[in-house]
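The chain contents come next:
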Amino acid sequence: MRSRHHDIADDLKAQIASGRIKPGERLPSEVGLAGQYKVSTATLRSALAVLQGEGLVEKIHGKGNFVRHRLRKIMYVGGWGTLDPWTAAEAALRITDRATTIEAHGHLATLLRVPNGSPLTELLSISYQGESPHSLARIYVPRDLEPTEALSDGPSYMRTEESFAVLSPLSAEVRETVSARPPTPDEASTLRINPTTAVLAINRVAADTAGRVVEAALLVLPGDRVDAVFTTHHVTNERQTQG
């Protein structure tokens, strides 16, 4: 037997598809919708969870449930920490950055190959399409390296460049580990996605010519919003070429 919350979800989807409820529009309160459909708030929330899982509705804490604008897919260019400028421009992305100073412990100390307690700069970058968060990155840089403007401590600021998680200019070698997984509760909350939505998680470590790690980054990209492209460059053996 079909559940009542699926009928409600189908009705709301039909209203969204027809344009009766428009992208960016706030839905009536959960109590109001429950009264309209003559169901409990628990049943109504189950219906909204279906729409949230399909990316049609997002719940913004303290504000309510809103119909999502369709988020365009963008291209992540592996090894460069950038968004493809053409697809990023089409999606009209903007990026907020917030830098803080922290100490390296545990996994971070191991990743950056520094002693526990070493000072690091953490840069939290979140890209947005309209008012909806699109993807996020956490970048860690040893504090003794000359900071760029983007890594200076201070309040968050907005930019519209295509670079999402910029690599240190000192990097000579980049290693990226890519996996698909569910988001953490914090990631799901920040990106306003269903906890069951798969994300593309990219762990990136950049080192200089001496082998010192100059940057480590964790990129979290919802699977329905991004494609990643990685290009392999084959090094020509000069001795063979000259022989």
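Being a predicted model, the structure only gives us computed values, none of them experimental.

1. Examining the environment of Val 67
Logical step 1: Tracing the chain through its elements places Val 67 in strand β2 (residues 64–67).
Logical step 2: The spacing of Val 67 and Lys 13 is 54 residues in sequence and 9.9 Å in space, taken between C-alpha atoms.
Logical step 3: Not counting the four nearest positions on each side in its chain, Val 67 is found in contact with Ile 16, Ile 21, Lys 22, Pro 23, Gly 24, Glu 25, Leu 27 and Leu 56.

2. Let's talk about the side chain of Gln 15
Logical step 1: Along the polypeptide, Gln 15 turns up in helix α1 (residues 4–18).
Logical step 2: Not counting residues up to four positions away in its chain, the partners in contact with Gln 15 are Arg 20, Ile 21 and Tyr 37.

3. Notes on the packing of α1 against helix α3 (residues 41–53)
Logical step 1: Remark: α1 packs on α3, axes separated minimally by 8 Å, with the N-to-C direction vectors making an angle of 50°. The angle between α1 and α3 falls in the class oblique. Crossing of α1 against α3: the hand is right-handed. Taking contact as the criterion, the partners of Arg 4, His 5, His 6, Ile 8, Ala 9, Leu 12 and Lys 13 in α1 are, on α3, Thr 43, Leu 44, Ser 46, Ala 47, Leu 48, Val 50 and Leu 51.

4. Thoughts on helix α2 (residues 30–37)
Logical step 1: Those residues of α2 that fall on the buried side of the exposure criterion are Glu 30, Leu 33, Ala 34 and Tyr 37. Mapping the buried residues of α2 onto a view down its axis gives an arc of 100°, with all of them on the same face.
Logical step 2: Buried positions along α2 lie against α1, α3, β1 (57–60) and β2.

Definitions and limits used
- Residues numbered from 1 in each chain as written.
- Predicted model: local features only at pLDDT ≥ 70, side-chain atom pairs only at ≥ 80, totals over all residues.
- Heavy atoms only, no water.
- Helix = DSSP H or I, 4+ residues; strand = E, 2+ residues; numbered from the N terminus.
- Contact = heavy atoms within 4.5 Å.
- Axes fitted to C-alpha atoms, helices over the stretch in contact; angles between N-to-C directions.
- Parallel < 35°, antiparallel > 145°, perpendicular 65-115°, else oblique.
- Left-handed = near helix turned anticlockwise from the far one by under 90°.
- Buried < 20%, exposed > 50% of the residue type's maximum accessible area, 1.4 Å probe, protein only.
- Arc of directions from axis to C-beta.

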